[in-house]
Amino acid sequence: MSKATESYEKLGSYIFDGSFTFDISNEPTIEDFEKTIGEKTTLVAKCAPNIEKFFPPKGKIVREYFDPDDENYDGKKIDYVKEDDLWTDEDCEWLYCLAYDGHIVKLGMTITSLKSRYGSYSCGTGRAMKKGSCSTTNFIISECNTHAVMNNMEVEIYGISVPKKIEKETRFGVTKECIYSTIRDKETMITEAFKNAYGHKPVLCIQEGK
């Protein structure tokens, strides 16, 4: 079985016969989860169709747009609109919540900016799948986000900053401030908090970490 075929089959676990196979009302809201973890999140971006209305041409850059009327279109269908400058922050590592109509469907993490992580998700196109050049997770998340947006759902990304840990160490006769990443452990912790509170992982948590 090819990677593309396998990925399309896995997508059927989430979208079947033109509808989601899950009910987002079974997932907690952002507000409820904030109370559970005792921390606030920040709305950093919203998902929108990759059309000229939301992403007008810039200079000489030629952008290929999504044609919603073309059932065979296999390019980039969605993209993300910044809601807060933290969307591009690279000073911290980030945990994030992906929400449909305010209900959390995925938790994740990134060691770079949230914009960069969702740029990777955007690479999950049907075209890339046929070439075998993108991950199954990126493809499924992009397709689910597209389905949600095209069905008039609000698709939003909320971030939680995780400052990098800096410790001074001396070795080899040299003293240096070393930067340590803790984000993968923090993702495990926030996912465990979610499962403890609601009895399951978010429905689109296909895998943990990247």
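Above this text you will find the structure in question.
Note that the structure is predicted; figures quoted are calculated from it, not measured.

(A) Representation of the sheet that holds strand β3 (residues 42-49) in the model. Pairing is antiparallel in the open sheet, where 5 strands are placed in the order β4-β3-β7-β5-β6. If you trace the sheet from one side to the other, it starts and ends with β4 (78-82) and β6 (103-110), each paired once. Across the sheet, the axes of successive neighbouring strands diverge by a mean angle of 30 degrees, strand direction being ignored. Where β3 and β4 come together, 5 bridges link them in antiparallel fashion. Directly across from C47, in β4, lies its bridge partner Y80. Contacts from helix α6 (residues 183-198) reach β5 (92-100), β6 and β7 (155-163), with the element oriented near 160 degrees to β6.

(B) Quick peek at the packing of helix α2 (residues 30-37) against α6. Where α2 contacts α6, the two axes come as close as 10 Å, and the packing angle between them is 105 degrees. The pairing of α2 with α6 is recorded here as roughly perpendicular in orientation. Together, D32, F33, T36 and I37 of α2 and I190, A193, F194, A197 and Y198 of α6 make up the contact between the two elements. Classifying every residue of the contact of α2 with α6 gives 7 nonpolar, 1 polar and 1 charged.

(C) Representation of the state of the cysteines within the structure. Per the counting criterion, the structure on display carries 0 disulfides. Cysteine C47 shares no disulfide, and the gap to the nearest cysteine sulfur, in C144, comes to 11 Å. Of the residues examined, C144 reaches a relative accessible area of 0% and is grouped as buried.

(D) The nonpolar core, seen in detail. Among the nonpolar cores identified, the biggest contains 33 residues, and W87, L98, Y100, Y118, C144, I157 and L204 are the most heavily contacted of them. At the level of secondary structure, the elements contributing two or more residues to this core comprise β3, β4, β5, α3 (114-122), α4 (126-131), α5 (136-150) and β7. By residue number, the principal contributor to this core is α5, which donates 6 residues. Not counting chain neighbours up to four residues away, the residues in contact with C144 comprise L11, Y14, I15, F20, Y100 and L204.

Reading the values: the criteria
Residues numbered from 1 in each chain as written. Predicted model: local features only at pLDDT ≥ 70, side-chain atom pairs only at ≥ 80, totals over all residues. Heavy atoms only, no water. Pairing = 2+ DSSP bridges. Helix = DSSP H or I, 4+ residues; strand = E, 2+ residues; numbered from the N terminus. Axes fitted to C-alpha atoms, helices over the stretch in contact; angles between N-to-C directions. Contact = heavy atoms within 4.5 Å. Parallel < 35°, antiparallel > 145°, perpendicular 65-115°, else oblique. Nonpolar A, V, L, I, M, F, W, Y, C, P; charged D, E, K, R; others polar. Disulfide = S-S within 2.5 Å. Buried < 20%, exposed > 50% of the residue type's maximum accessible area, 1.4 Å probe, protein only. Core = buried A, V, L, I, M, F, W, Y, C linked by side-chain atoms within 4.5 Å.

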